[in-house]
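These are the residues of each chain, in order.
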Amino acid sequence: ESFNAVMKQWLYVPGEKSQAKVAALFSRLESAADSTSSGLRSNKESFLLVLESLAVSVDEFNHIEAKKWICLMQEHVSTSDDDDMIVDTEVYNAPLPLPVGQNDIKEYIKGIYSADFVCERSEEDPLYVNAIKIENWFHEMERISVEEGKILAAPDIDTYEAVIQAWIKLASEEGLLKAEKWAMRATEAA
């Protein structure tokens with residue numbers, strides 16, 4: 001729990017340094033678990049903190065890094081006797097960007113109705129690419145829950161929220177239309 005407490009505190013430090021520190025602490029925890037029988041080992045909270053560090057330290061959703069950590073967690077699940085160590089929706093949502101606060105939403109809305117508002121964004125635009133990555137992550141969660149029967153990893157309202165906000169950030173008509181489509185889909189799924 002001490003390692004988790006320190007990792008959690010590093011989440012509050014802005015910038016990529018926090019992500020590196022959380023990953024380094026996790027690695028030390030893993031090393032300690034491998035080299036001693038002290039009882040130190042990672043648990044679900046440890047993995048959630050590492051995944052959350054991907055969301056708070058950068059603006060871009062890093063689906064490759066998130067998948068790497070989830071795969072590592074799945075390896076631990078197969079060798080763990082910890083009943084709480086399951087890969088579920090909470091785990092898949094952890095690396096998604098944090099919800100935008102009310103003040104941030106107001107800024108986006110101002111941008112949407114300003115000269116920055118465009119009908120479409122280029123598919124190379126980093127905001128567009130990020131929205132596609134988050135949308136694909138949602139589809140991957142759906143696929144896993146349907147094809148692999150892992151209902152515990154099905155998308156929930158937080159997953160929809162991440163997709164919707166990613167499209168809103170485009171400040172374009174196309175982004176608003178996609179956000180609206182996802183909002184309607186969320187209401188239908190509820």
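Check the entry above for the structure.
Here is a short report on the structure shown in this document. Position numbers for residues start from 1 in each chain and track the written sequence from start to end. Under the rules for a predicted model, residues below a pLDDT of 70 receive no local features and side-chain atom pairs below 80 are neither given nor counted, while totals for whole chains, interfaces and linings still include all residues. Here the side-chain values reflect all heavy atoms present in the structure, with hydrogen atoms and water set aside.

Turning our eyes to something else, we now look at helix H3 (residues 44-56). When the terminal C-alpha atoms of H3 are compared, their 18 Å separation across 13 residues agrees well with the 18 Å that a helix rising 1.5 Å per residue should span. Looking at H3, one finds that the buried residues are Lys44, Ser46, Phe47, Leu48, Leu49, Val50, Leu51, Ser53, Leu54 and Ala55. We call two N or O atoms a polar contact when they sit within 3.5 Å, provided that within protein one can donate a hydrogen and the other can accept it, with sequence-adjacent residues counted only if both atoms are side-chain atoms. Helix and strand definitions here come from DSSP, where helices need a minimum of 4 consecutive H or I residues and strands a minimum of 2 consecutive E residues; each element is numbered from the N-terminal end. A side-chain oxygen of the first residue of H3 lies 3.1 Å from the backbone nitrogen of Glu45; this N-cap is Asn43. For a helix, the expected span equals 1.5 Å multiplied by the residue count minus one. Note on exposure labels: buried denotes an accessible area under 20% of the residue type's maximum, exposed denotes more than 50%, and partly exposed covers the range between, all computed with a 1.4 Å probe on protein chains only.

So, on to the packing of helix H8 (residues 157-168) against helix H9 (residues 173-189). Axis lines are fitted through C-alpha atoms, for helices just across the contact stretch, and the angle between N-to-C directions can take any value from 0 to 180 degrees. Running from N to C, H8 and H9 cross one another at 165°; their axes reach a closest spacing of 7 Å. The angle between H8 and H9 places the two elements in the roughly antiparallel class. When you trace H8 past H9, the crossing you get is left-handed. Listed contacts from H9 to Tyr160, Val163, Ile164, Trp167 and Ile168 of H8 are Gly175, Leu176, Lys178, Ala179, Trp182, Ala183, Arg185, Ala186 and Ala189. Lys, Arg, Asp and Glu make up the charged group, whereas Ala, Val, Leu, Ile, Met, Phe, Trp, Tyr, Cys and Pro make up the nonpolar group; the residues left over, Gly among them, are polar. Split by residue class, the contact of H8 with H9 holds eleven nonpolar, one polar and two charged. The scheme is simple: roughly parallel for angles under 35 degrees, roughly antiparallel for over 145, roughly perpendicular for 65 to 115, oblique for anything else. In this scheme the crossing of two helices becomes right-handed for a clockwise turn of the near helix relative to the far one and left-handed for an anticlockwise turn of less than a right angle. Any two residues having at least one pair of non-hydrogen atoms within 4.5 Å are treated as being in contact.

What follows concerns the environment of Val129. Among the structural elements, Val129 can be located in helix H7 (residues 126-147). C-alpha separation for the pair Val129 and Ala166, spaced 37 residues apart in sequence, amounts to 9.7 Å. Excluding residues that lie within four positions of it along the chain, Val129 makes contacts with Glu123 and Glu124.

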